[in-house]
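Coordinate analysis (summary)
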Amino acid sequence: MDLIYRMRAEFERSDHPQKSIEELRRIVVGVAEDGPAREGILFSASFLAALADYTNPQGLPLLNEYMEVKEALDLTLEQVRQNMEAAWTLWRAAVDKRKEPL
């Protein structure tokens, strides 16, 4: 929650909120694409929540920022799903191998 509030505060306190949002988006997408999955998910979800809470008094077009982060989050979640399925398959094979009679 702290990260959400810090991001939203950055949007709201900035003299140039569009630039702040774009810069945070670049950071978040970079973390989602290149960082550990946990951090990518945390940063992406926090950014999307902060963006959803942002009152947007200037009526800035924010859909592109939202979509870019959402796509990066979707890719990260897909990678996590594939890794979990692969780990489960290996575990299941090891269990099945132990059950085979000698």
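Below: a short report on this structure. (Residues numbered from 1 in each chain as written. Predicted model: local features only at pLDDT ≥ 70, side-chain atom pairs only at ≥ 80, totals over all residues. Heavy atoms only, no water.)

Concerning helix 2 (residues 17-34)
Cut-off, in case you're wondering: Per the convention used, a helix needs a DSSP run of H or I reaching at least four residues, while a strand needs a run of E reaching at least two, with both numbered from the N terminus. Multiplying 1.5 Å by the residue count of a helix minus one yields the expected span of that helix. Only protein chains enter the accessibility calculation, which uses a 1.4 Å probe; a residue is then buried when its area is under 20% of its type maximum, exposed when over 50%, and partly exposed in between. Throughout, the arc means that of the directions going from the helix axis to the C-beta atoms. Any two residues whose heavy atoms approach within 4.5 Å are treated as being in contact.
The end-to-end C-alpha distance of helix 2, which contains 18 residues, comes to 25 Å, matching closely the 26 Å that a straight helix rising 1.5 Å per residue would cover. If you check which residues of helix 2 are buried, you get Pro17, Gln18, Ser20, Ile21, Leu24, Arg25, Val28, Val29 and Ala32. Summarising the axial view, the buried residues of helix 2 lie within an arc of 160°, below the 170-degree limit, and thus occupy one face. Every exposed residue of helix 2 that faces more than 90 degrees away from the buried side is listed here: Lys19, Glu33 and Asp34. The inward-facing, buried residues of helix 2 contact helix 1 (2-13), helix 3 (37-53) and helix 4 (63-99).

In short, shape yes, function no, at least from these values alone.
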